[in-house]
Amino acid sequence: MTAYLIRRLLLIIPTFLGITIMAFTITRFVPGGPIERMIAEARMQKTGLSSTRPLAGDQTQPLSEEQIQELKKYYGFDKPILVSYFFWLGKVLTGDLGVSTRYYDPVWDMIRDRIPISLYFGSISLLLVYGVCIPLGITKAIRHKTQFDNISSIIVFIGYAIPGWVVGVLLLIIFASQWEIFPLGGFVSDDFQDMTVFGKVWDLILHTILPLIAYMVGSFTVMTFLMKNTLMDHLASDYVRTAIAKGLSFESAVFRHALRNSLIPMATHFGNNISLILMGSFLIEKVFNINGMGLLGYESVVERDYPVVMGILVISSFLFMVGNILSDICVAIVDPRVTFE
Amino acid sequence: MKLNPLTQKKIRRFQSIKRGYYSLVVFIIMIGISLFAELLINNRALIVYYDGEYYFPTYGQMIPGKVFGLDYEYETNYRDLQKRFRAKNSENWLVMPIIPYGKLETDLKEDRYPPFPPSFQEEHYFGTDNVGRDIVARLVYGFRIAIFFSLILLLANYSIGISIGIVMGYWGGKFDLFFQRIIEIWSNVPFLYVIIIISSIVVPNFMMLVLIMAFFGWINMTWTMRTVTYKEKEREYILAAKSLGASNVRILFKHLLPNTVAVIVTYAPFSVSGGIVALTSLDYLGFGLPPPTPSWGELIQQGWANMNAWWISISVIVSMLITLIVVTFIGEAVREAFDPKLHTTYE
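Residues numbered from 1 in each chain as written. Chains lettered and ligands numbered in written order. Predicted model: local features only at pLDDT ≥ 70, side-chain atom pairs only at ≥ 80, totals over all residues.

Caption draft 1: Quick peek at the overall build of chain A. Helices and strands together make up the secondary structure of chain A, namely 13 helices and 0 strands. Scanning chain A from its N terminus toward the C terminus, one meets helices and strands in the order α-α-α-α-α-α-α-α-α-α-α-α-α. Taking all 341 residues of chain A together, the buried fraction comes to 32%. Across chain A, every contact between residues at least 6 apart in sequence was considered, and the portion connecting residues at least 24 apart equals 73%. (Helix = DSSP H or I, 4+ residues; strand = E, 2+ residues; numbered from the N terminus. Buried ≥ 20, exposed ≤ 12 C-beta atoms within 10 Å, placed from the backbone. Contact = placed C-beta atoms within 7 Å.)

Structure below.
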């Protein structure tokens, strides 16, 4: 087990290098980077035209060759890709993610500001998903093919079919725009600072409910059916039949024998959820205009703010791989048969 | 075509799952209707009878207004022509489709600004979008694009995924380890971001978008096929085939592939709905197919930006809901039909 874990941890290194090299190369070859933007801005000041994309026939160069060289040096574009990649990597290893080329803030500060928001939605939805799905899955497995099972299946499937952000748009239209029960997005109201403690909590709750539903919709179905199907597999297995045949009551056969084994796949998913909690979903955050990690990543990609893109990628890929290993550990803890040799 | 009895049994089982079977029927009807959308929703007339001659303008070249005695060279406005024929009470007549608006046509009114709410009188049954295009037309043509997009994407993803996955699983070893790392890297690159970057540089057309998506979409199928092949190659029949001297190619194509079809088929409907959702998400963000193309994502974006025009988002979300639910129900029924396990229930 220890040897396996060490091997897995060591395998993180080549994967991490692969991901970052690939992303780094992409950021280098894609037009519209910081230097092009500077040139466009300079041209805009000169001509008064507001166009982020350089016009095809427009060849006038507002910046001198020296200025461009200086800019390239500033952003590290003057060196070959691999050299500047390792330069960047060295800085990352010392904990320096660089400075945003758009806002000139340290990337780590920008990320740190956003993490609590994504963590807030992620952890609440995770708690609710596990809290509701496990009991629901158990009930559905025991009452397989009954009316309760069929009706709840249909409802759960509708939730599965439609993506969370579309549910978000629908909820906004109905509950925020037409009926005006909930606010039209954002994390807190504009006058949040002036509210009383009770008012703040209430405001936060009002802003939380709709995005939370959108967050939960997708994983809710997966979890419920995972629980239901694994429990049903175990109910059909020999050891449960034996337990019932020797006179154990149905309840204790389910809850003392079958359920414990069925929780194994649920534990597997737990590790994967870590990166999901922190990174959020940028589509849902965009629909509700919540400034979480997802929206930060999306905006930095759209605005070509590469240090931020790379910083988020470092954190997300690291979390993803650690999450995978955590899943393995979870499985090993829950299931004594798993040894990982 | 002669199907083997096991497959026939699976098909019968699928038919016996009513929810999934009827969903398949509905889905096929939906695709069928969308294929002939030009006959149902169009600003060109179906038949025009003018001065003793019949014209069928639906398909083919546009017919200039001069042909019908109008004073312009550009395409005939058939709605106007119909009114003109009626006003003159002439022998000439024409039949318009049920919804007489084109997918790209903006219906402008002199005294009002779009979006117009649903109205039976103007034959905008679901209203118009923010620039005055008929929503039903946009929905149906958008459905056609989305459904063929995801079907072609599925074909591309599965052909790459199945071939790499089956080889990974069958030969294992270094090849497997190498591709495992590649897949790990690939699945970590936030592919939606890459697509956004690519499509903000070049405006992608239909096939290009399929290619870009397939470039990142093959992973899931590869992984599944690898696992399935791993399991399957340990079975006795493979060993038997090997000891009889069957070549690797024969084992792969004659034995392994047919036995993994069940897995491929059960994943397919979910890939279709995944493709629709992916295209809609990209269009919503504005990084999908270029603007005048009818698209559901663009309609959701319009509805989201202009929430007072509730009919835009409600109609597109309801159509999306129906489509995706139908596809999901098919998928669930296929999964149940192909699952050899019959579940035990205790009384």
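Caption draft 2: Structural context of the sheet that holds strand E2 (residues 53-55) of chain B. Residue and element names in this part refer to chain B. Strand order in the open sheet formed by 3 strands is E2-E1-E3, and the pairing between neighbours is antiparallel. The open sheet has two edge strands with one neighbour each: E2 and strand E3 (93-95). In this sheet, adjacent strand axes meet at a mean angle of 15° when their direction is disregarded. (Pairing = 2+ DSSP bridges. Axes fitted to C-alpha atoms, helices over the stretch in contact; angles between N-to-C directions.)

Caption draft 3: Layout of the nonpolar core. Within the largest apolar cluster, 122 residues are counted, with the highest numbers of intra-cluster contacts made by Val166(A), Val169(A) and Ile300(B). Here the element with the most residues in this core is helix H5 (residues 135-171) of chain B; it accounts for 17 residues. One finds Ala45(B), Val48(B), Tyr78(B) and Leu94(B) within the second-largest nonpolar core, a separate group that totals 6 residues. (Core = buried A, V, L, I, M, F, W, Y, C linked by C-beta atoms within 7 Å.)

Caption draft 4: Spotlight on the environment of Tyr284(B). Residue and element names in this part refer to chain B. In this fold, tyrosine 284 is placed in helix H11 (residues 248-285). Taking the C-alpha atoms as reference points, tyrosine 284 and arginine 19, separated by 265 residues in sequence, lie 31 Å from one another. If sequence neighbours within four positions are ignored, tyrosine 284 has contacts with Gly297, Ile300 and Gln301.

Caption draft 5: Highlighting the pairing of strand E1 (residues 47-50) of chain B. All names here are of chain B. Taken together, the 3 bridges between E1 and E3 define a ladder with antiparallel strand orientation. Pairing of valine 48 across the sheet is with leucine 94, part of E3. Inspection of the sheet shows E1 paired to E2 by 3 bridges, in the antiparallel sense. Bridge pairing in E2 places tyrosine 49 opposite tyrosine 54.

Caption draft 6: Main features of the environment of Leu155(B). Residues and elements named next belong to chain B. Structurally, the position occupied by leucine 155 is in helix H5. Residue leucine 155 is classed as partly exposed on the basis of its C-beta count, with 13 C-beta atoms lying within 10 Å. Residues leucine 155 and tyrosine 113 lie 42 residues apart in sequence; the distance between their C-alpha atoms is 43 Å.

Caption draft 7: Structural context of the interface of chain B and chain A. Tallying the contact residues gives 32 residues for chain B and 36 residues for chain A. The set of elements that each furnish at least two residues to the side of chain B that touches chain A consists of helix H6 (173-188), helix H7 (191-201), H11, helix H12 (296-305) and helix H13 (310-338) of chain B. Top element by residues in the side of chain B that touches chain A is H13(B). It accounts for 10 residues. Taken together, the residues that form the side of chain B that touches chain A break down as 19 nonpolar, 10 polar and 3 charged. (Nonpolar A, V, L, I, M, F, W, Y, C, P; charged D, E, K, R; others polar.)

Caption draft 8: Structural detail: helix H12 (residues 293-302) of chain A. Buried residues dominate H12(A), accounting for 8 of its 10 residues. Listing the buried residues of H12(A) in full gives Met293(A), Gly294(A), Leu295(A), Leu296(A), Gly297(A), Tyr298(A), Ser300(A) and Val301(A).

Caption draft 9: Seen up close, the packing of H6(B) against helix H9 (residues 219-233) of chain B. All names here are of chain B. In the contact formed by H6 and H9, the axes pass within 10 Å of each other and the chain directions differ by 145°. When you trace H6 past H9, the crossing you get is left-handed. Contact with H6, carried on its side by Ile183, Trp186 and Ser187, involves Ile219, Thr222 and Trp223 of H9 and no other residues of that element. When grouped by side-chain class, the residues that make up the contact of H6 with H9 number 4 nonpolar, 2 polar and no charged. (Left-handed = near helix turned anticlockwise from the far one by under 90°.)

Caption draft 10: Here's a closer look at the domain arrangement of chain B. Segmenting chain B into domains produces domain 1 (5-36 + 137-337) and domain 2 (43-96). Each of domain 1 of chain B and domain 2 of chain B has a C-alpha centre, and these two points are 43 Å apart. (Domains from an automatic or database assignment.)

Caption draft 11: Here's a closer look at the confidence of the model for chain B. All names here are of chain B. Scored by pLDDT, chain B comes out at a mean of 84, with 97% of its residues at no less than 70. When mean pLDDT is compared element by element in chain B, helix H2 (residues 18-35) scores highest at 92, while H7 scores lowest at 76. Confidence metrics for the complex model read pTM 0.83 and ipTM 0.82. (pLDDT = per-residue confidence, 0-100.)

Caption draft 12: The arrangement of the confidence of the model for chain A in detail. Predicted confidence across chain A gives a mean pLDDT of 80, with 89% of residues reaching 70 or more. Taken together, the stretch residues 50-58 of chain A has pLDDT below 50 and engages in 3 contacts with residues farther than four places along the chain or on a different chain.

Caption draft 13: Representation of the environment of Gly292(A) within the structure. Residues and elements named next belong to chain A. Position of glycine 292 among the secondary structure elements: in the loop between helix H11 (282-288) and H12. Classification of glycine 292 by C-beta neighbours within 10 Å gives buried; the count is 27. For the pair glycine 292 and glycine 164, spaced 128 residues apart in sequence, the C-alpha to C-alpha distance is 16 Å.

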